[in-house]
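Observations on the model geometry
These are the residues of each chain, in order.
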Amino acid sequence: MAEPVAAAEDLDALIDDLDYLPGHFHLEMQLNFEPRSPASLRARDLKLQREGLLQELELAAAPQRPAVRHLLGAFAFYLEELDEARQSFLEVAREDPGNLNAWANLAHVYGRLGQEEEEEACAGQLAGLMGLAGDRGAAEDPKLRAARCLAEQGYAHGFDVGCASPEERARVLEAGIALYDKALGYAQQIPMEEKRCWYFTMATLFIRLDGIFLELGSEEQKRLPAFNRTLALLQQVLKSSDPHPRALAWCYLGMLLERNDTFSTTPMGIHDCGFSGTDPLDCFGKAIEIAKDQLPILNRLAKIFHFLGKQDMAIGTCNMALDVLRDPELNWQAYCTRAKIHIRAYLHDLERGKLGLGGMPDRNHLACAKADLEEVVKVCPGLKTYLDIGQVYYYMGVDAVQELLAVDEAALNQALVFLAKAGESELGATLPELQLLRGKCLRIKGEEANAAACFKRAVELDDAGCSHAEGFGCLLEALLAQWSQAQLGDGEVGREVDVWLRRAQSKYPAARLRQELQRVWRAHMDEVLGLARALVAQGRPALVRLLFETMERKGDGASSLRDRRAFSF
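Now for a look at the structure at hand. (Residues numbered from 1 in each chain as written. Predicted model: local features only at pLDDT ≥ 70, side-chain atom pairs only at ≥ 80, totals over all residues. Heavy atoms only, no water.)

1. Thoughts on helix 25 (residues 525-537)
Here helix 25 contains 13 residues, and its C-alpha end-to-end distance of 18 Å stays within 8% of the 18 Å for a straight helix at 1.5 Å per residue. Within the span of helix 25, buried status applies to Val 528, Gly 530, Leu 531, Ala 532, Ala 534 and Leu 535. Of the residues one or two after helix 25, Gly 539 is the one with positive phi, at around 85°. (Helix = DSSP H or I, 4+ residues; strand = E, 2+ residues; numbered from the N terminus. Expected span 1.5 Å × (residues − 1). Buried < 20%, exposed > 50% of the residue type's maximum accessible area, 1.4 Å probe, protein only.)

2. Brief notes about a negative patch on the surface
Taken together, the side chains of Glu 116, Glu 117, Glu 118 and Glu 119 define an acidic patch exposed on the protein surface. Relative to the assigned elements, Glu 119 resides in helix 6 (residues 116-129). Residue class for Glu 119 comes out partly exposed when judged on its relative accessible area of 31%. (Patch = residues over 30% accessible without salt bridge, like charges linked within 9 Å, V, L, I, M, F, W, Y side chains within 5 Å. Areas by Shrake-Rupley, 256 points an atom, 1.4 Å probe, with all protein chains shown as cover. Salt bridge = Lys/Arg side-chain N within 4 Å of Asp/Glu carboxyl O. Lys, Arg positive; Asp, Glu negative; His and termini not counted. Charge placed at Lys NZ, Arg CZ, Asp CG, Glu CD.)

3. A closer look at the pattern of salt bridges
Summed over all chains, the structure comprises 38 salt bridges. Note that Arg 148 is salt-bridged to Glu 194, the shortest N-O span being 2.9 Å. Placement of the pair is Arg 148 in helix 7 (residues 142-156) and Glu 194 in helix 9 (residues 192-216), with a sequence separation of 46 residues. For Arg 169, the salt bridge goes to Glu 215, with nearest N and O atoms at 3.5 Å. Highlighted residues: Arg 169 in helix 8 (residues 166-185) and Glu 215 in helix 9, separated in sequence by 46 residues. Of the residues examined, Glu 215 reaches a relative accessible area of 26% and is grouped as partly exposed. Counted as one network, the salt bridges with shared partners bring together Glu 351, Lys 354, Glu 403, Lys 440 and Glu 470.

4. Remarks on the environment of Ala 183
Structurally, the position occupied by Ala 183 is in helix 8. When its relative accessible area of 0% is taken as the criterion, Ala 183 is described as buried. Residues Ala 183 and Asn 260 lie 77 residues apart in sequence; the distance between their C-alpha atoms is 30 Å. Here Ala 183 is in contact with Ala 147, Leu 150, Ala 151 and Trp 198, once residues within four sequence places are set aside. (Contact = heavy atoms within 4.5 Å.)

5. Some details on the packing of helix 5 (residues 100-113) against helix 6
The geometry of helix 5 relative to helix 6 is characterised by a closest axis approach of 8 Å and an angle of 160° between their N-to-C directions. Between helix 5 and helix 6, the angle is such that the two are roughly antiparallel. The two elements helix 5 and helix 6 meet at a crossing, and its hand is left-handed. Residue-level inspection shows Leu 100, Trp 103, Ala 104, Leu 106, Ala 107, Tyr 110 and Gly 111 of helix 5 in contact with helix 6, the latter providing Glu 118, Glu 119, Cys 122, Ala 123, Gln 125, Leu 126 and Leu 129. In the contact of helix 5 with helix 6, the residues fall into 10 nonpolar, two polar and two charged. (Axes fitted to C-alpha atoms, helices over the stretch in contact; angles between N-to-C directions. Parallel < 35°, antiparallel > 145°, perpendicular 65-115°, else oblique. Left-handed = near helix turned anticlockwise from the far one by under 90°. Nonpolar A, V, L, I, M, F, W, Y, C, P; charged D, E, K, R; others polar.)

6. Brief notes about unusual backbone geometry
Phi is positive for Glu 80, close to 65°, though the residue is something other than glycine. Judged by relative accessible area, Glu 80 falls into the exposed class, the value being 55%. Phi angles above zero are rare outside glycine, and Glu 403 is one such case at about 55°. Along the chain, the position of Glu 403 falls in the loop between helix 18 (383-397) and helix 19 (409-423).

7. A closer look at the packing of helix 22 (residues 470-484) against helix 23 (residues 490-507)
Here helix 22 crosses helix 23 at 175°, and the two axes come no closer than 10 Å. Judged by the angle between their axes, helix 22 and helix 23 are roughly antiparallel. Packed against helix 22, whose contacting residues are Phe 472, Leu 475, Leu 476, Leu 479 and Trp 483, the element helix 23 presents Asp 490, Val 493, Glu 496, Val 497, Trp 500, Leu 501 and Ala 504 at the interface. Residues belonging to the contact of helix 22 with helix 23 are distributed by class as follows: 10 nonpolar, no polar and two charged.

8. Considerations on the nonpolar core
Among the nonpolar cores identified, the biggest contains 183 residues, and Trp 198, Tyr 252, Leu 253, Tyr 394 and Phe 472 are the most heavily contacted of them. At 12 residues, the largest contribution of residues to this core is made by helix 9. If sequence neighbours within four positions are ignored, Tyr 394 has contacts with Glu 403, Leu 412, Ala 415, Leu 437, Lys 440, Cys 441 and Ile 444. (Core = buried A, V, L, I, M, F, W, Y, C linked by side-chain atoms within 4.5 Å.)

9. Description of the side chain of Glu 516
You can see Glu 516 is positioned in helix 24 (residues 510-523). Ignoring any residue separated from it by four or fewer positions in sequence, one finds Glu 516 in contact with Ala 469, Glu 470 and Gly 473.

Structure (structure tokens):
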């Protein structure tokens, strides 16, 4: 093994002079940094992201698949599934022995496994491919390999895990775009269709970055260069021979043209790329036309339309997908997306009704969602399907005014059955939304103590910086109910409120926590005032002061996009 050792030493000696470094484990992504969250929650986020990535692998064009497999290998590595990580990287190396990232990532895995000879052999192979071992003939296409290496690294930045703020997410996306730009500098020999795959991914990163800038209220001068660049990238993708990126490019173009109104004047990129006067609806229509008999593309478009709030368009696209294939086992995506659209429509109307802005929500939405999900749960049950159908049964079981009264006890019990099935999986047991929904079902059934236990677990499972503070608000309501029913004494409820309020302060943005406390105050004013008097009588005025200061203090705006786990265009 003298030659591989020498090659590895040569690689170490020259590494500081390299313009790029192969592999994924040195990239400045949160994935590679020390975890902030407990191991169980980090594992949950990795597994959720991996599920989305596996769907990407099914849709990815051939040149993009190595990038997906590298990321799957990295996720497996951090989940301590080292054999699976090794297999992912070996699969890339077998299909493309010249893939630099495959050998660098394999060396990292073998290093963790303590297999020094294999690690050195991979390092030697990498050195040879990069022309660092003295064999210049082995590096006949160094720029080609460098370009693909950098593009694969840039792709990974779209699937990072663990970012705690919009600013962090923006930095990761900008780093991914910079790697793609560097890749294009080496890409003279890359086939044009492969470059268009890169342009498409770059455009998705830019669109997400612009969404963060909008969220942060950034000045339009900061947004304009990236916005114009995205239009130019999509213009190139529209020339692709592959219908998948071409259809999505039309969809993304429609999204960008709708954002034209967020600028004080029309961005020049719209005119430069020939999109002057183009109607966003025409763009969405062209996307649907290209995808009309392409099931995977139709299902992807339906999800995007749903995400954008274009529910009629999303329903129509789902129906087109079901016209192509009605088998729920083979086309479960269309059934599940259509069900989510109906659930969202019901919840939208329910919230409006609670605020006095509309009438009763149409419960036919629940019936339609139930019918679609039952088709799927019979043939291919899974965590997300159990969670969705449990949510439907919960809303069927409670009143459509304030969610305070049981109107169908059997539906509530059925909801709990499906949620129990969802909780049987290792991943399901770590989802705060599952615990929140279980707690709501139990609260309606009058089991306040059990409901409080579920709400506590939901708070524990929420990520730091999460803006979904509803679990904490529901916990306060459950504690107030137990106290008013004499199930908890003054001292017990005081200790509980003290512990969980301080935990909530360390977990949720101040503005979002204040909003949730104000909601509880408005709904339970008598109970809150009675509790405050009891706490003062106990000699705990500091807790009362903390409670009311938290309710009134002005804080920073909460991040609503932070919690859309595993979503990527």
